[in-house]
Each structure stands twice: as C-alpha cells, then as structure tokens.
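Geometric and topological summary
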Amino acid sequence: MQFTQSSIGDTLIEYVSEELLSGQTRVGPDDNLLSEGMVDSLGMLRLVGFIEESFGFKVPPQDFVIENFRSVGVLSDYLQRRLADAGQVSSDA
Amino acid sequence: MSYLLPQLIERTAARAPQHQAIGCLDRALSYAELAAGANRLANTLQAQGVCRNDRVGIYMDKCLESALAIYGILACGAAYVPLDPSAPAERLAFILRDCGIRHLITADAKLGRLAQAAASGPLPLECLIGPDGAQDLPWRCVPWSEVHAAEPRAPRVKCIEQDLAYVIYTSGSTGEPKGIMHTHHSGLSFARWAAREYGLRQEDRLANHAPLHFDLSILDYFAGAVAGATTVIVPEDYTRLPASYSALLAAQRVSVLYTVPFALIQLLLRGVLEERDLSALRWIIYGGEPFPVKHLRALMQRLPHVRVDNIYGPAEVNGVTHHTLAADFDGDSVPIGPIADIAEALVVDDSGAPVAAGESGELLVRTPTMMQGYWGRADLNRAAFFRRQLLPEYTAVYYRTGDLVREGGNGEFEFLGRKDRQVKVRGYRIELDEVEAALVAHAAVEEAAVFAVPEAEGSQQLRAAVTLKAGGEADRNALLAYLKERLSWYMLPAVLELRDSFPRTSTGKIDRRRLRAEALDTTERIAAGR
C-alpha cells in the first residue's frame, strides 16, 4: 500500500477529530493531544489500533512515547519515516 | 508529635532541609523549599482573605506548584479541594458552587475553561492564585511571583486535628458529584498507618500517578511526608504513554509505585519494561479495582524483585485492608486482605445484623481514617453511617462501604461486588445513575440505560443505550458531545447506541441485565470472529 505525506496527516486528523473527539473539535496538526480533555489513555490505544488498521504498520511499544504522539503533526512525521523505511510513502507531487 | 498535615513537612524541613521533597521531571523542591513555599502561599492566601475552614480549590495539571498548593492551603488553616483538571465546565462550576470556593490555585491554561464555567451562572470565586491577570477576568489574580515574595514563616493560625483538611469529589448516584470531607486527623491517621505498613523511609521515592482528586494521591503525598521521603510527580501525559511512563520510573529511581491495575497492565504490555532499569522499585501497590490475575502474574514474573500489594478502601475511609501477594499465589482472585490493625470490620446482612463467620454481607468499617461526612449532604450522611451500641453507654459509628465481602478463616476478606450500581472504570468509581441522569437531561432523550462490560485491557467500559422522545432529534456524536460537557472523561460511555425501545422486566423497568448480556454476547461473537 502507498501513502502520500499529506494523506497520512489528513487521515489522522479525520480519525482523531471524528472518532476520538466525537466530531466536537477539529484538531490542528500542532494541537497537544495529551493536554487535558483531549485524548485519554484508552483513546491513545484506539489511535494505535487505527494506525495498524489503516497503514498496516504495527507501532512497536518502544515507539509509543510522548515524542511521537504529542500531536498529529509529530505523529504523521513519525509514520512517514517508518513507512518510508518500508518503502510505502510516495511524495505528494 | 504532629497532629496537623503541614507539620509533617515542617519537621523534615528542620531535620533534613536539603532532602528532596517533591520531584517533577527536571524540577524539584527540597523540604526547606517546600515548607518555605507553602508558608509563603499560606501568608498570601491569608492576605487575600482566606480563613480557617475555608475551602480553597486546586485546579491545574500536576506540577511542583500543585504540591505547594496542597501544603500552602493546609498551612493557613483551610481545606484543599482538588478539582479534576480535565473536568468539563459544568462539573467544575457545580463543585465551585457546591463547596463555596472563593479562592482557587490555578494556571493560565485553565482560564478558558473557568470563563466557560462562569458563563453558566454566578460562581463564588473571588481570587485566583497563579495567573498573572493580564487577561480580562472578573476575579483578582495573584501571580506566583507575588506569592514567592511573601513571608516564608508559618502564619499564625488556630487549627486543630478535627478541622477539615481536604474535600474530594466523587461520582454521586443522584446525578451530581458529592464531596467527601476528611480532617487532618483522618488523613494523618491513614498516612501514618501506610508509612508504617509499607516500611517507608527517607530514601524512598514514591510515584504520584493519581490525579489529586483521586484519593490514591493521599498516600503518595502524606505517607511519603510522614517518612520524610520524596514524592515523584508523574505528569498526566506520561500516564497515557506506557513507554514514556516506564522511562520516567527508571530515570527517577522510583521505589514505591501506587496505582491502578489498568496503568500496570499498560506498563506490562506496552511499557518495554525489559529495557528499563527498575532496580530501585521495591513495592507496587495497586487499588481501585480488582486486578485480572493473568496480567497480575505476568507483571510479577516480569518484576520478580518487587513486592506487590493489593490495598482496598473507599475514599470515605482511605485504605483499610491490604494483602501482600505471594510470588506463586493460586486461584482466580486476590483477597483484599485482613482489616488494618487501626480499624475494625463488621459484616452485616440487609437488616444490619452481623452475619455468621464465613457468610457474605456488606462490609462496615470503623476507623480513625474515616471521613467526617459528605459536604452539605445530610441525606447521604444519614445513609452512610451505621450506629451500633457497643456498651449501654457507648455507640460506635461505622461507615457503610456498600461493598459485599466474605471473611475467610484466616481473617482475609474476599471482595464479592457492590450492593448498588457503582462501578469502577480504570480505578475511577462511577455511579451509573449519574451517567444516566446526565443523558436523560438532554432535551431529546426519553430514557437511558448505562451499564459496564469487561474490556480487553483488564478494566471495564461503559455502554449506554438511549431512546429518543417522539420528534426528538440527536445523533450519537451529539449525545456524546453533550455528555462531554457535563461529565469527566472517565465517565463517558465507550459505546452509545440509539434504540427504538428497551427490553423490559416484568415490572416494566428497563431490563439492564438483558442489555448487558446482549452486549457481552456481541463482544464475544466479535472476539470469536463470528
């Protein structure tokens, strides 16, 4: 499966906004997902499950850390790197 | 001899002033700094009109300042009221009004939510400590820079051990949260018992995982302070990402970890414990809800050098039983342990008569760690306490836990369930009636049923089923959004189903048992791939 850089970000924004935040808030790429009232620990687990399902990539436990999950922006950067390692990212152009 | 909670830190500040009292990532406070900082805050609060027995709120994420807030509020003779930092505006407003909170220790990041709370109607708030007041707010603001310039000596204040020390709000079955009142005496009695029972010493580093409005934090702070030990704050974002959490436990050399089974299961499954140096960890204490034994055994095998204890007790009485697990324990459940040596247990039947040894019944507890009562709720207080004549001239007061137990021959109690509709979700206690009341308050909702089912992560999850009024319009997301404005995040149903009708019992009530059985059946079918 091939993903573009922007499709990764859009897919994550859509899922977090609609599913984890019940469509109440449109999450921005730099919003802190870990601040109070955003995504709780169970929500974080659902997000990992969603990544696995949508991108066919299993997040290794050692990567399930604040530095990679703080915001949709850093999370899509992380996913791009890992998917690129697996040859699954093509450029937007 | 200390008889007030803030005296605990004064004592260590005099004996070992440079010893670390509170750590939070790369920041820390020594006992001398904590004591002086708390006194400065106490003097500031007094200057702002706080009197003995006033309630002062703490509404912020955990950090060094929230620890200062606990002791500063106590040092001026007031009681602290920890507010859930993620609570929606309506819940926040309810507690501020219910408890008559005029002064609040808070942070700039919380001002938006406070303004929302104020929009719902008048609040008793007068003064905020923390924000710099740059924003246009209807309250006086005192920034930390001003607090840090105040007098570091303890203010003169009359306070006795029966005075109110803290009020913890918990889910209430009538649809509104209720405030559990503890005194210096009850808090300190528990802290002393726990410090002795867990052999806490100055070198210990206790993790503070729980938010301050969760009673687990009482042990983290006050039992730690009894021993002159260090309390290591685990910031909220670390608790959501297990590998970050375990890295913090290792880096901070945490020796005692008190938390809920859900968090420990996350650490076990996703915390890469095999890569972390947890050699300093000597004791894991869990409470809040039962620990599925499969995961508990795996955790003990992963950390064979760590002693593991199950502690039990509703927030109304603090911890009152505990059980140390044998490395090779058998069985499918873990006892909650014998009653603490400072407490007495009585198991009664529905009529209030003691049951025969080995029979099941409701657990009543008589203990110096017991609450004073629920704030402003005479109705709940009448039901919560049980009076029993011990001598013709002496009547003892017990707290009715609502928990069903059975005492084994060895004095160990076994937890059998609840008498009412209270459930635990990831350690938080929730009255299902409160969630149903919040749903039914929506204009479009006719009836609602909320129930709990087990989840794969070792805890439970809430499910809600709703019928709409004729002509009522609301979809699932609208109802969840409505709940989110009223309930804390841990009270939100994971699944919300709109139905045309409910199954009924023979008396016409919603058949919640059948709803739950249907939900379990579906979950099992999905799990089995059918």
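Residues numbered from 1 in each chain as written. Chains lettered and ligands numbered in written order. Predicted model: local features only at pLDDT ≥ 70, side-chain atom pairs only at ≥ 80, totals over all residues.

**Description of the overall build of chain B**
Each helix and strand in chain B was counted, giving 16 helices and 26 strands. Whereas a compact globule of 530 residues would reach a radius of gyration of roughly 24 Å, chain B reaches 23 Å, a difference of no more than 12%. Of all 530 residues assigned to chain B, the portion counted as buried reaches 50%. Restricting to contacts in chain B with at least 6 residues of sequence separation, those with at least 24 account for 67%. (Helix = DSSP H or I, 4+ residues; strand = E, 2+ residues; numbered from the N terminus. Rg over C-alpha atoms; globule rule 2.2 N^0.38 Å. Buried ≥ 20, exposed ≤ 12 C-beta atoms within 10 Å, placed from the backbone. Contact = placed C-beta atoms within 7 Å.)

**Points about the packing of helix α1 (residues 5–15) of chain B against helix α3 (residues 64–75) of chain B**
For any two helices packed against each other, one specifies the inter-axial angle together with the distance between the axes. Residues and elements named next belong to chain B. Across the interface, α1 lies against α3 with an axial gap of 8 Å and an inter-helix angle of 110°. Between α1 and α3, the angle falls in the class roughly perpendicular. Two packed elements cross with a definite hand, and for α1 against α3 that hand is left-handed. Contacts from L5, P6 and I9 of α1 reach α3 at Y71, L74 and A75. The class makeup of the residues in the contact of α1 with α3 is six nonpolar, no polar and no charged. (Axes fitted to C-alpha atoms, helices over the stretch in contact; angles between N-to-C directions. Parallel < 35°, antiparallel > 145°, perpendicular 65-115°, else oblique. Left-handed = near helix turned anticlockwise from the far one by under 90°. Nonpolar A, V, L, I, M, F, W, Y, C, P; charged D, E, K, R; others polar.)

**Some thoughts on the environment of B:R15**
Residues and elements named next belong to chain B. If you trace the backbone, R15 turns up in helix α1. In this structure R15 comes out as exposed when scored by C-beta crowding, with 11 C-beta atoms within 10 Å. Distance in space between the C-alpha atoms of R15 and L68 is 19 Å, their sequence separation being 53 residues.

**Some points on the sheet that holds strand β12 (residues 256–259) of chain B**
Residue and element names in this part refer to chain B. One open sheet holds the eight strands; their spatial order is β2-β1-β11-β10-β12-β13-β14-β15, and the pairing between them is mixed. Each edge of the open sheet carries a strand with a single partner, namely β2 (27–30) and β15 (321–324). Pairwise comparison of adjacent strand axes, ignoring direction, gives a mean angle of 20° for this sheet. (Pairing = 2+ DSSP bridges.)

**Focus on the sheet that holds strand β26 (residues 495–499) of chain B**
Residues and elements named next belong to chain B. Within the open sheet, the three strands sit side by side as β24-β25-β26. Their pairing is mixed. Each edge of the open sheet is held by one strand with a lone partner, namely β24 (445–454) and β26. Mean inter-strand twist for the sheet, computed between neighbouring axes without regard to direction, equals 20°. In the sheet, strand β25 (residues 460–468) pairs with β26 via five bridges, with the strands oriented parallel. Note that in β26 the partner of R463 across the bridge is V495. Docked against the sheet, helix α14 (residues 432–440) engages β24 and β25, running at close to 150° with respect to β24.

**A word on the pairing of strand β6 (residues 127–130) of chain B**
All names here are of chain B. In terms of strand pairing, strand β5 (residues 103–106) meets β6 through three bridges, oriented parallel. Bridged to L104 within β6 is L128. For the segment spanning β5, helix α5 (residues 111–119) and β6, crossover handedness is right-handed. Pairing of β6 with strand β7 (residues 140–143), which is carried by four bridges, proceeds in the parallel orientation. The partner of L128 across the bridge, within β7, is C141. (Right-handed = clockwise from strand over helix to strand, strands pointing away.)

**Remarks on the environment of B:R270**
With respect to the helices, strands and loops of the structure, B:R270 is situated in helix α11 (residues 261–270). For the pair formed by B:R270 and B:P493, sequence separation is 223 residues and the distance between their alpha carbons is 24 Å.

**Structural notes on the nonpolar core**
Residues and elements named next belong to chain B. In terms of nonpolar packing, the biggest core is built from 163 residues, with I9, L34, I58, Y80, V81, V167 and F222 touching the most fellow members. If we ignore the near neighbours within four places in the chain, the residues touching F222 are L5, L8, G187, L188 and A191. With 28 residues, the next largest nonpolar core counts V425, I430, A464 and V466 among its residues. (Core = buried A, V, L, I, M, F, W, Y, C linked by C-beta atoms within 7 Å.)

**A closer look at α14(B)**
Restricting attention to buried positions, one finds in α14(B) the residues B:L432, B:E434, B:V435, B:E436, B:A438 and B:L439. At its buried positions, α14(B) is contacted by β22 (422–425), β23 (428–431), β24, β25 and α15 (476–484) of chain B.

**Concerning the interface of chain A and chain B**
By a widely used convention, the size of an interface equals the accessible area lost when the partners come together. The interface is formed by 16 residues belonging to chain A together with 22 residues belonging to chain B. Looking at the side of chain A that touches chain B, the elements that each hand over two or more residues are α2 (41–55) and α3 (66–69) of chain A. Tallying contributions element by element places α2(A) first for the side of chain A that touches chain B, with three residues. In the side of chain A that touches chain B, the residues fall into eight nonpolar, six polar and two charged.

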